[in-house]
Amino acid sequence: MSRQPALPQRLNRALRVGALLAVLAAGSVAVFVTEQSFVLGALAGALAGAGVLALFMLSRHRQAQRQARSEATRSQETTALLLHDFETQSEAWSWAADREGRLTHATERMACELGAASPEPLLGVSLLQLLRFGEGGPSLAMQQGFRDAPSPQMPPDHVWLMGCLAGRTPFRGVEVQVHSPARRTLWWSVSGVPVLDEIGVHVGWRGVVRDVTTLHEQSRALERLAHEDSLTGLANRHVLQSRTEQAVAALAQAPEADGEDALSPLSLYLLDLDNFKSVNDHFGHLVGDRLLQEVAQRLQRCVDAGPGGGVLARLGGDEFALLIAQPMHVVEREALALAMLATLREPWTPEDLCIEVRASLGVAAWTGPAHTASLLLQQADIALYEAKAAGRDLVRLFDAAMGERMVERHLVIHELGQALAAAQRALAYPERPEPELPCGRLSVHYQPQHDVGDGRLTGFEALVRWRHPQRGWISPAQFIPVAEETGLVVALGEWVLRQACRDAVGWGGDGKIAVNVSGVQLASRHLIRTVAQVLAETGLPPFRLELEVTETAVLADPAAARTRMQSLRSLGIGLGLDDFGTGYSSLAYLRTYPINTLKIDRSFITGLSAGAQADMILRTIIQLGQGLGMKTLAEGVETAEQLDTLRRHGCLQVQGYLFAAAMPAHDATERVFRARKITA
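One structure accompanies this document, and this report is about it. Small disclaimer: the values here were computed from a predicted structure and weren't measured.

Attention now goes to the overall build of the protein chain. When helices and strands are tallied, the protein chain shows 24 helices and 21 strands. Going through the 680 residues of the protein chain one by one, you find that 41% of them count as buried. Across the protein chain, the fraction of contacts at a sequence separation of at least 24, relative to all contacts at a separation of at least 6, is 61%. Entry remark: accessible area of the protein chain is about 35,800 Å², with carbon and sulfur atoms responsible for 56%.

What follows is the structure, encoded as structure tokens:
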């Protein structure tokens, strides 16, 4: 056996082996050494490997630190960029202050809004002082009485903000009004949170200011729209209703209020222009809007010169209202109403136009605690309706008789609708008998029309009748105007047309059936289709149907009336002009409208007894019809003398009590069959 090498040599060799093993281990190389060298080499290799690992970990740590610093730098740059964009492009910016509320950071935007050239003058100034007095700062604040404690002169928003700053409590969205010398008054929404150091001591404030001026302006605009008429600048319907309710409630709680009608503490006026639609139709809606503005100004001047305490409002369209919350005698109420109409009568002359303005006016007065706001409005509306019905350009003061007439009118409307519905059911289902109803029953009666020459029956005029179980026969003059005002006349006229055509089909022959058409029906675009459907459903030959229209209905809209009348003639039916001579009696429209029959009004027939002049007028009308190729028919013939005169002047057909009054359908049927037997 050889001797073992010395220890230093062995250690040196072990280190070399360890280093080699470390290198080879790092390179994944397997080696074999002697047992003694392996132990020492392993220990040294471990120490050497740990150093390498430590160096590797240290390198990774330093690389991570450099990357973190780089990312932090980029993050700070991004944050600064975003903050810059936020404070320059948006409606908000940041602020910071010390623990006393004095600014330590302000932005260019904040300085600009407060009228400062840069943020520096703002630093060290109390946030509250800047918000309240703008660029003036502390000196101006002291001049205007600024105090650290709340005062009665301070706005509530500033008091709240002062309390938050003093109590070191976070606040959010406190809206304050800022007086800016740079531009209009501003509104800012201020938010802030207290800043604490690492041990929790309050050291300052950080927050955000958002400019909400535009939102406030929009809010005020919406509020103005909610209470003001956008066209005229007057109060609107909502304001008038609210003020009326408030005034009535106050009067109802005041026992000393005088409720005598002659001296009432509350008066309500409703005014409606009489000719506004024609202004829109002839000159356009832009001129119509300017007219409404002119009317509002004139009425306002009249109200300003009145008793005071008045609220003038535009309710919509061409309707205005005035509420006077001052004691007025009935004579004063009427005088103010007449003055309002008088100020409107002066012609309005914009540019090259000259427009006459007319209006109707109804007035109601508060009479006692039982008088509600809605009742006052209803009574003023009733008075306005009476003014229109009496001829327009008039004033009517509400009285008890008007109320009774209006109740009667509403009853007529309600019961007429029920009676029409029952009549429509009876026509649709004739096999189902209709029971007697409280509203009564509608029916179609027929007045015979005869040839003047030989007296033969030529046809009938269909007339609607209404028999009420309590009030008996109700005159058409009472319910037809109501039906026209409410639009019910369209359905009523269609039912009469359908019933008359069905009855006429049962008579057979070639006798004519004449049916009246109101102005509302003539204006309806559905009239032609309705007539065509009725003819198709009933099977009545078109030549047997003649529709009668009035002059006033034709002249309400001449162009549209001409178009519809030509379309009706294209169906093969005839057209008659009813009540000729009572309206314009213009030859121009007689030439251009497709009229078959000229129907002479009964007033010319009854006037024959007045003398030669009435006779000459009647002869002229008949000759006019003959010259235009029209058949003439006189209504209201009651005596043989009248019939002789008509025969002498060449009138072709007549109807009236001399022959027969209007009769039910079964009597008309008997008359038709009896006439056939006579002529057979």
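From this point, the narrative continues.
Compared with the 28 Å implied by 1.5 Å per residue over 20 residues, the 29 Å span of helix H15 (residues 488-507) between its first and last C-alpha is a close match. Once H15 finishes, Gly508 follows within two positions and takes phi at roughly 70°, a positive value.

We now examine unusual backbone geometry. Phi at Arg168 is positive, roughly 55°, even though this residue is not glycine. Turning to its location among the elements, Arg168 is positioned in the loop between helix H6 (156-167) and strand E3 (171-178).

Right, let's talk about the pattern of salt bridges for a bit. Going through the model one piece at a time under the given rule, you end up with 25 salt bridges. Here Arg102 makes a salt bridge to Asp98, at a shortest N to O gap of 3.2 Å. Here Glu436 ties to Arg441 by a salt bridge, and the two come within 3.5 Å at their closest N and O atoms. Residue Glu436 is classed as exposed on the basis of its relative accessible area, which comes to 62%. Look at the salt bridges and you will find they share partners, linking Arg345, Glu356, Arg358 and Asp393 into a network.

Now for the sheet that holds strand E5 (residues 202-211). As summarised here, the arrangement of the 5 strands in space is E2-E1-E5-E4-E3, forming an open sheet in which the pairing is antiparallel. The open sheet has two free edges, formed respectively by strand E2 (103-105) and E3, since each of these has just one partner strand. This sheet shows a mean twist of 35° between the axes of neighbouring strands, independent of strand direction. Where strand E1 (residues 92-98) and E5 come together, 7 bridges link them in antiparallel fashion. Directly across from Ala97, in E5, lies its bridge partner Trp205. Lying over the sheet, H6 contacts E3, strand E4 (186-196) and E5, oriented at roughly 140° with respect to E3.

This part covers the pairing of strand E9 (residues 319-324). By the criterion of burial, E9 is predominantly enclosed, with 6 of the 6 residues buried. Judged by which residues are buried, E9 turns out to be covered on both faces: Glu319, Ala321 and Leu323 on one side and Phe320, Leu322 and Ile324 on the other are all buried. With 6 bridges joining them, strand E7 (residues 267-273) and E9 adopt antiparallel strand pairing. Across the sheet, Leu268 pairs through a bridge with Leu323, a residue of E9. Inspection of the sheet shows strand E8 (residues 310-316) paired to E9 by 6 bridges, in the antiparallel sense. Looking at the pairing, Leu312 lines up with Leu322 of E9. Adjacent in sequence and paired antiparallel, E8 and E9 are bridged by 2 residues, among which Gly317 carries a positive phi angle near 60°.

Counting buried residues along strand E17 (residues 545-550), 5 of its 6 residues qualify, which places the element largely inside the surrounding structure. Bridge count for strand E16 (residues 512-516) against E17 is 4 bridges, and the pairing is parallel. Bridge pairing links Val515 to Leu547 in E17.

Read across the open sheet, the 5 strands follow the order E8-E9-E7-E11-E12; overall the sheet is mixed. At either end of the open sheet lies a strand with only one pairing partner, and these are E8 and strand E12 (395-397). For this sheet, the mean angle separating the axes of adjacent strands, direction not counted, is 15°. Both strand E11 (residues 359-365) and E12 contribute to a ladder of 3 bridges, which runs parallel. Each residue of the ladder has a partner; that of Gly362, found in E12, is Arg396. Strands E7, E9, E11 and E12 of the sheet are contacted by helix H12 (residues 373-389), whose axis makes an angle of about 145° with E11.

Further remarks concern helix H8 (residues 237-252). Between the first and last C-alpha of H8 there are 22 Å, a value that for 16 residues agrees with the 22 Å anticipated at 1.5 Å per step. Residues of H8 that are buried include every one of Val239, Leu240, Thr244, Ala247, Val248 and Leu251, and no others. Burial along H8 is one-sided: seen end-on, the buried residues are contained in an arc of 155°. The backbone nitrogen of His238 has a side-chain oxygen 3.2 Å away, supplied by the residue at the start of H8, namely Asn236.

Going through the model one piece at a time under the given rule, you end up with 6 aromatic pairs. When the ring of Phe460 is compared with that of Trp507, the centres are 4.8 Å apart and the planes differ by 45°; the resulting orientation is tilted. Here the residue Phe460 occupies a position in strand E14 (residues 457-468), and Trp507 occupies one in helix H15, the gap between them amounting to 47 residues. A single burial state applies to Phe460 and to Trp507, both of which are buried. What links up through ring pairs into an aromatic cluster is the set Tyr446, Phe460 and Trp507. Here Arg432 stacks its cationic end above the ring of Tyr429, 4.2 Å away from the centre of that ring.

Our focus in this paragraph is the side chain of Asp98. Examined against the element boundaries, Asp98 turns out to sit in strand E1. Within the structure, Asp98 has its side chain in polar contact with the backbone nitrogen of Arg102 (distance 2.8 Å). Every residue in contact with Asp98, bar those within four places of it in the chain, is listed here: Thr104, Val203, Gly204 and Trp205.

A few words now on the side chain of Gln499. Mapped onto the secondary structure, Gln499 falls in helix H15. Note on Gln499: relative accessible area 17%, which makes it buried.

This part is about a nonpolar patch on the surface. Residues Ile199, Val201 and Val203 make up a contiguous nonpolar surface patch of roughly 270 Å² in combined accessible area. Position of Val201 relative to the elements: it lies in the loop between E4 and E5.

The tendency in soluble globular proteins is for nonpolar side chains to be buried side by side. Grouped together as the largest cluster of nonpolar side chains are 71 residues, with contacts concentrated most on Leu442, Trp495, Ile513, Leu545 and Leu547. It is H15 that contributes the most residues to this core, 9 residues altogether. Not counting the four nearest positions on each side in its chain, Leu545 is found in contact with Leu497, Cys501, Ile513, Val515, Val531, Leu535, Leu540, Ile573 and Gly574. Phe276, Ile324, Met328 and Met340 belong to the second-largest nonpolar core, a separate cluster that totals 31 residues.

Cut-offs used in this document
Residues numbered from 1 in each chain as written. Predicted model: local features only at pLDDT ≥ 70, side-chain atom pairs only at ≥ 80, totals over all residues. Heavy atoms only, no water. Helix = DSSP H or I, 4+ residues; strand = E, 2+ residues; numbered from the N terminus. Buried < 20%, exposed > 50% of the residue type's maximum accessible area, 1.4 Å probe, protein only. Contact = heavy atoms within 4.5 Å. Areas by Shrake-Rupley, 256 points an atom, 1.4 Å probe, with all protein chains shown as cover. Expected span 1.5 Å × (residues − 1). Salt bridge = Lys/Arg side-chain N within 4 Å of Asp/Glu carboxyl O. Pairing = 2+ DSSP bridges. Axes fitted to C-alpha atoms, helices over the stretch in contact; angles between N-to-C directions. Arc of directions from axis to C-beta. Polar contact = N/O pair within 3.5 Å; in protein donor to acceptor, adjacent residues only side chain to side chain. Phe/Tyr/Trp six-rings, centres within 6.5 Å; stacked < 30°, edge-to-face > 60°. Lys NZ or Arg CZ within 6 Å of the ring centre and 35° of its normal. Patch = residues over 30% accessible without salt bridge, like charges linked within 9 Å, V, L, I, M, F, W, Y side chains within 5 Å. Core = buried A, V, L, I, M, F, W, Y, C linked by side-chain atoms within 4.5 Å.

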